[in-house]
Amino acid sequence: FKKIFLLSDKYRINIMFCTFDSFVAKSLHYNNLNLISKLINLTKNIKIILMHSGGTKILSYYERFRFVDKVILDLSYTAQHFSKTSVMKDIVFLIDNFDKRVIIGSDYPSKSLKYLNYFINNVSNKISQNKVKNVLKGNINKLLNEISK
């Protein structure tokens, strides 16, 4: 990972890093959040998109990276998979306090697009429309514009 992050920074290639630690039958033998923190500190020139925002550990990822401007939290899968759990309150908190650096994707085909609609409808009545728009399209558009320069 260290070589990948250093080369990505050298050639200015943004990184999308999966934050799940439960995607294999064996449990991880390391702390994923600490590993990601060490790797992010190796970079200066790129953005790092943390896919799934740590899942149920979403507030830990928020706390760790809220002052690190190059980090963007992605809600794909997490927002839909945990939409009917207490994690949804954490997601609402995250968007309400961190909307400029949060994006969401559908995580299709893992999740159906109807779940994304459910999420949008559920969040839209709890957070300002400007913040919802940032998360749904504004932030990703800004990121894509930065990349194309």
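The notes below deal with the structure included here. Predicted model only: the values in this text are computed from it and were never measured. (Residues numbered from 1 in each chain as written. Predicted model: local features only at pLDDT ≥ 70, side-chain atom pairs only at ≥ 80, totals over all residues. Heavy atoms only, no water.)

### Brief notes about the sheet that holds strand β3 (residues 71-74)
Definition in use: Two strands qualify as a pair provided DSSP detects at least 2 bridges between them. Helix and strand assignments follow DSSP, with helices taken as H or I runs no shorter than four residues and strands as E runs no shorter than two, numbered in order from the N terminus. Here a residue-residue contact requires only that any non-hydrogen atoms of the pair lie within 4.5 Å. An axis is simply a line fitted to the C-alpha atoms; with a helix, the fit covers only the stretch in contact. Between two such axes, the angle follows the N-to-C directions and lies from 0 to 180 degrees.
Ordered in space as β1-β2-β3-β4, the four strands form an open sheet in which the pairing is parallel. Two strands bound the open sheet, and with one partner strand each, they are β1 (15-18) and β4 (102-103). Pairing of strand β2 (residues 48-51) with β3, which is carried by three bridges, proceeds in the parallel orientation. Counted as the bridge partner of Leu 50 is Leu 73 from β3. Strands β1, β2 and β3 of the sheet are contacted by helix α2 (residues 32-40), whose axis makes an angle of about 165 degrees with β1.

### Some thoughts on a nonpolar patch on the surface
Note the threshold: Only residues above 30% relative accessible area that lack a salt bridge enter a patch, with like-charged residues linked at up to 9 Å and the nonpolar side chains Val, Leu, Ile, Met, Phe, Trp and Tyr linked at up to 5 Å. Here, Shrake-Rupley sampling with a 1.4 Å probe gives the accessible areas, and only protein chains in the shown set may cover a residue. Salt bridge, as used here: a side-chain nitrogen of Lys or Arg that lies within 4 Å of a carboxyl oxygen of Asp or Glu. Remark: exposure states derive from per-residue accessible area (1.4 Å probe, protein chains only) relative to the maximum for the residue type, with buried under 20%, exposed over 50%, and partly exposed in between.
A surface patch of nonpolar side chains, about 310 Å² in accessible area, is lined by Phe 1, Ile 4 and Tyr 30. With respect to the helices and strands, Tyr 30 occurs in the loop between β1 and α2. Accessibility expressed as a relative area gives 35% for Tyr 30, which makes it partly exposed.

### What to know about the pattern of salt bridges
Following the criterion strictly, the structure yields four salt bridges and no others. Notably, a salt bridge pairs Arg 101 with Asp 69, separated by 3.6 Å at the nearest N-O pair. With Arg 101 in the loop between α5 (87-98) and β4 and Asp 69 in the loop between α3 (58-65) and β3, this pair connects stretches of sequence that are 32 residues apart. When the shortest N-O distance is used, the salt bridge between Lys 131 and Asp 96 registers 3.5 Å. With Lys 131 in helix α7 (residues 129-147) and Asp 96 in helix α5, this pair connects stretches of sequence that are 35 residues apart. Judged by its relative accessible area of 22%, Lys 131 is partly exposed. Relative accessible area serves as the criterion here: at 35%, Asp 96 is assigned to the partly exposed category.

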